[in-house]
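Fold and contact review
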Amino acid sequence: MDWKGVKAPTLEEFEKLADVAFARLPEGFRARCAGLVIRVEDFPDDEVAAEMELESPFDLLGLYQGISHVDRSVMEPAHMPDMVFLYRRPMLDYWAEYDEPLDHLIAHVLVHEIGHHMGLSDEDMHAIEEAAGD
């Protein structure tokens with residue numbers, strides 16, 4: 001393979017990959033994600049790194065921030081939107097080390113983090129990935 005000119009996907013390209021991965025998820029699963037914000041960033045910010053006691057910013061592939069569906073109450077006041085962060089550089093590092101297609105890795109992290117949002121089990125998340133073809 002000629003590696004000249006081959007580059008890692010930019011943040012914008014990575015966002016498009018995440019959008020495609022989300023669109024491939026089962027419709028019922030996506031419908032339960034109304035209001036969820038998906039963001040792609042290079043790394044977790046310093047506050048997240050400190051809170052999670054990361055040894056390296058490469059240690060975290062994704063993160064869910066918000067109140068999961070199972071912990072919500074109709075009596076609680078309005079809150080910040082629920083968010084899933086996908087961290088591009090740690091995912092690219094993981095992708096370079098392991099034999100997994102990048103789009104499958106993105107879908108896996110996306111389902112895992114959204115699964116936290118919904119309070120799903122690992123088995124449920126695996127079934128969703130299977131349904132999406134990952």
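Since this is a predicted model, take the numbers as computed values, not measurements.

Calculation notes
- Residues numbered from 1 in each chain as written.
- Predicted model: local features only at pLDDT ≥ 70, side-chain atom pairs only at ≥ 80, totals over all residues.
- Heavy atoms only, no water.
- Core = buried A, V, L, I, M, F, W, Y, C linked by side-chain atoms within 4.5 Å.
- Buried < 20%, exposed > 50% of the residue type's maximum accessible area, 1.4 Å probe, protein only.
- Helix = DSSP H or I, 4+ residues; strand = E, 2+ residues; numbered from the N terminus.
- Contact = heavy atoms within 4.5 Å.
- Expected span 1.5 Å × (residues − 1).
- Pairing = 2+ DSSP bridges.
- Axes fitted to C-alpha atoms, helices over the stretch in contact; angles between N-to-C directions.
- Salt bridge = Lys/Arg side-chain N within 4 Å of Asp/Glu carboxyl O.
- Parallel < 35°, antiparallel > 145°, perpendicular 65-115°, else oblique.
- Left-handed = near helix turned anticlockwise from the far one by under 90°.
- Nonpolar A, V, L, I, M, F, W, Y, C, P; charged D, E, K, R; others polar.

**Quick look at the nonpolar core**
- Ranked by internal contacts, the top residues of the largest apolar core, which has 26 residues, are Leu86, Ile106 and Ile114.
- Within the residue set of this core, elements represented by two or more residues are helix 1 (11-23), strand 3 (83-87), helix 4 (88-97), helix 5 (102-118) and helix 6 (122-132).
- By residue number, the principal contributor to this core is helix 5, which donates 9 residues.
- Each residue touching leucine 86, except ones within four places of it in the same chain, is listed here: Ala18, Ile38, Arg39, Val40, Glu41, Leu61, Gly62, Met91, Ile106, Val109 and Leu110.
- Among the nonpolar cores identified, the runner-up in size contains 6 residues, and Leu60, Leu63, Met83 and Tyr87 belong to it.

**A closer look at helix 5**
- Helix length check: helix 5 (17 residues) gives 24 Å between terminal C-alpha atoms against 24 Å at 1.5 Å per residue, within 8%.
- Of all 17 residues making up helix 5, 12 are buried, and the element is well covered by its neighbours.
- Looking at helix 5, one finds that the buried residues are Leu102, Leu105, Ile106, Ala107, Val109, Leu110, Val111, Glu113, Ile114, Gly115, His117 and Met118.
- Glycine 119 lies just past helix 5 and shows a positive phi near 75°.

**Regarding the sheet that holds strand 2 (residues 62-65)**
- Read across the sheet, 3 strands follow the order 1-3-2 without closing on themselves; strand pairing throughout is mixed. Looking at strand neighbours, the two that pair on one side only are strand 1 (37-41) and strand 2, the edges of this open sheet. Sheet twist, expressed as the average angle between the axes of neighbouring strands with direction ignored, equals 20°.
- Bridging between strand 2 and strand 3 involves 4 bridges; their strand directions are antiparallel.

**A word on the pattern of salt bridges**
- As enumerated under the stated definition, the model contains 4 salt bridges in all.
- We note a salt bridge from lysine 16 to glutamate 12, for which the minimum N-O separation is 3.6 Å. Residue lysine 16 and its partner glutamate 12 are located together in helix 1, separated by 4 residues, close to a single helical turn.
- Note that arginine 39 is salt-bridged to glutamate 41, the shortest N-O span being 2.7 Å.
- What makes arginine 39 partly exposed here is its relative accessible area of 37%.

**Some remarks on the packing of helix 1 against helix 5**
- Orientation of helix 1 relative to helix 5, taken along the N-to-C sense of each, is 65°, at an axis distance of 9 Å. Judged by the angle between their axes, helix 1 and helix 5 are roughly perpendicular. For the crossing formed where helix 1 meets helix 5, the hand is right-handed. Only Leu102, Ile106, Ala107, Leu110 and Ile114 of helix 5 make contact with helix 1, whose side of the interface consists of Phe14, Leu17, Ala18, Ala21 and Phe22.
- Of the residues contributing to the contact of helix 1 with helix 5, the split by class is 10 nonpolar, no polar and no charged.

**A few points about unusual backbone geometry**
- Positive phi, normally seen in glycine, also occurs at glutamate 53, with a value near 55°.
- Tracing the backbone shows glutamate 53 in the loop between helix 3 (46-51) and strand 2.

**Regarding helix 4**
- Inspection of helix 4 places Arg88, Pro90, Met91 and Leu92 among the buried residues, and these make up the whole buried set.
- If you follow the buried residues of helix 4, they end up packed against helix 1, strand 1, strand 3 and helix 5.

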